[in-house]
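Here is how the chains run, residue by residue.
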Amino acid sequence: MTSPSLVTRARRLADDLLAPHAEQVDQEGVPASHIEAIKRSGLLGVSAPVAYGGSAAPGAVARETAEILAGACCSTWFVQTQHHTPVMTLAKSELPVRERLLGPLSRGELMSGVAYAHLRAYPRIPVRVTRERGGRRFDGTVPWYTGWGLNDVMLLAGVTDADEALFAFTEAREQDGMRASEPMRLAALTASRTVSLELDGLWLPEEAVVLRAPYEEWAATDRPKPTNASPAVFGVAQAALSLLDDDTSGQLRTRLDEVRRQAYTLAEHPVPHEYLAERLALRTQAYEVLMAATTAAVVAGGGRSLSLTSRAQRLAREALFLLVQGQTTESRRAHLTALSGGLA
């Protein structure tokens, strides 16, 4: 008897656990039991190499499972989605840390968070990396770190004196040289246990390093990533449309499906740095449908939508979060131009 597909497992997890408890999680936080269920599901290895216990699933499967999880409980999706960048970074690395961590992360025995978005602030350098005692010293501030208290390890990045982007793994806990803030109170996804991290002489051995590259070389590979529409946008929009009657949702659903089709076609394009303007335009169009769908769900719910137990208002707040999640200067400019009427 074959095991259920990843998509089937994602739907089962969403229907049986995530969606029924989403409003409670929104108010109380993502529980460790949700993370354990994600680990057991095999979804943490969706894109990981088969040789290390992953599924090496096609991009279409990874996007569909992300849609399902985000539509059921965006907070849980956001915590676990951090894991996939460390896995793929290890898969492409030839450094010793690959053999130590890629298997446990691919099999869901460990879950990783990420602390690298601050690299996009360059030439400002929030986290500086220097050589010390045969290893690397990290100093500075990580403004956002999601999944504190839920992740086992983290992928931490900074910029060296030689203008290199350097990534290394460490345990996701307070330790000498690393202190976490209290969890942030946010308008949406407070449940994701997001903190800032103060680094004051955090020392990591050289064997913790997984990637080192000239900053511009790393940035060239990173730049296309935030231009694509996030699967979570489509997942939350679809969840909102499910709260509407057919007459109200019909045209919105047709528009959502078309934007999704075009966005995913470009996501599959073999050259990620091509069609950047088109990718950004589709990202913005996806936001437009998302906001229309979640607003319609709030309107349809009337005064009940103002209750914190309302699914519609939770989805509307999650939509606000997704508007700025993964935002860069370029994507912000494109979105603001569209909102001000600069695009047809």
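Everything numeric in this text was worked out from a predicted model, so none of it was measured.

Student: Would you mind showing me how to read the overall build of the protein here?
Tutor: Helix and strand counts for the protein stand at 13 helices and 8 strands. Against the 2.2 N^0.38 benchmark of 20 Å for 344 residues, the protein shows a C-alpha radius of gyration of 20 Å, consistent with a compact globule. Across its three principal axes, the protein shows a C-alpha extent of roughly 65 × 50 × 40 Å. Within the protein, contacts between residues separated by at least 24 positions form 73% of all contacts whose residues are at least 6 apart in sequence. Taken as a whole, the protein presents about 15900 Å² of accessible surface, with 53% of it coming from carbon and sulfur. With 36 positive and 39 negative side-chain charges, the protein shows a separation of 0 Å between the mean positions of the two kinds.

Student: Sorry, what's going on with the state of the cysteines here?
Tutor: Simply put, the disulfide is a covalent bond whose two ends are the sulfur atoms of two cysteines. This structure, assessed with the given rule, holds 0 disulfides. In this model Cys73 remains outside any disulfide bridge; the closest cysteine sulfur is found in Cys74, 7.7 Å from its own. Since its relative accessible area comes to 0%, Cys74 is described here as buried.

Student: What is the right way to read the packing of aromatic side chains from this model?
Tutor: How two aromatic rings sit relative to each other is set out by the distance from centre to centre and by the angle between their planes. The tally for this structure, following the rule as stated, stands at 9 aromatic pairs. A centroid spacing of 4.8 Å and a plane angle of 75° characterise the contact between Phe78 and Phe321, whose relative ring orientation is edge-to-face. Taken together, the residues Phe78 in helix α5 (residues 74–81) and Phe321 in helix α12 (residues 311–324) connect sequence positions 243 residues apart. Relative to Tyr215, the ring of Tyr122 has its centre 4.0 Å away and its plane inclined at 20°; by these criteria the two rings are stacked.

Cut-offs used in this document
All residue numbers refer to positions counted from 1 along the written sequence of the respective chain. Where local features are concerned, this predicted model is filtered to residues with pLDDT of at least 70; where side-chain atom pairs are given and counted, the filter is 80 or more; whole-chain, interface and lining totals use all residues. Calculation of side-chain values draws on the structure's entire complement of heavy atoms; hydrogens and water are dropped beforehand. The helix and strand labels rest on DSSP assignments: H or I over at least four residues marks a helix, E over at least two residues marks a strand, and numbering proceeds from the N terminus. Just to be clear, the radius of gyration here is over C-alpha atoms, and the globule rule we use is 2.2 Å times residues to the power 0.38. By definition in these notes, contact holds between two residues if any of their heavy atoms fall within 4.5 Å. Residue exposure ignores everything except the shown protein chains as possible cover, and the areas themselves are Shrake-Rupley values with a 1.4 Å probe. His residues and chain termini do not enter the charge count, which takes Lys and Arg as positive and Asp and Glu as negative. To locate a charge, take NZ of a lysine, CZ of an arginine, CG of an aspartate or CD of a glutamate. In this description, the term disulfide denotes a pair of cysteine sulfurs within 2.5 Å. Note on classification: 1.4 Å probe, protein chains only; a residue is buried when its accessible area is under 20% of the maximum for its type, exposed when over 50%, partly exposed between these limits. Put simply, two rings from Phe, Tyr or Trp (the six-membered ring, in Trp's case) pair if the centres are within 6.5 Å, and we call them stacked under 30 degrees between planes, edge-to-face over 60, tilted for the rest.

The quantities given are spatial measurements derived from coordinates; they are silent on function.
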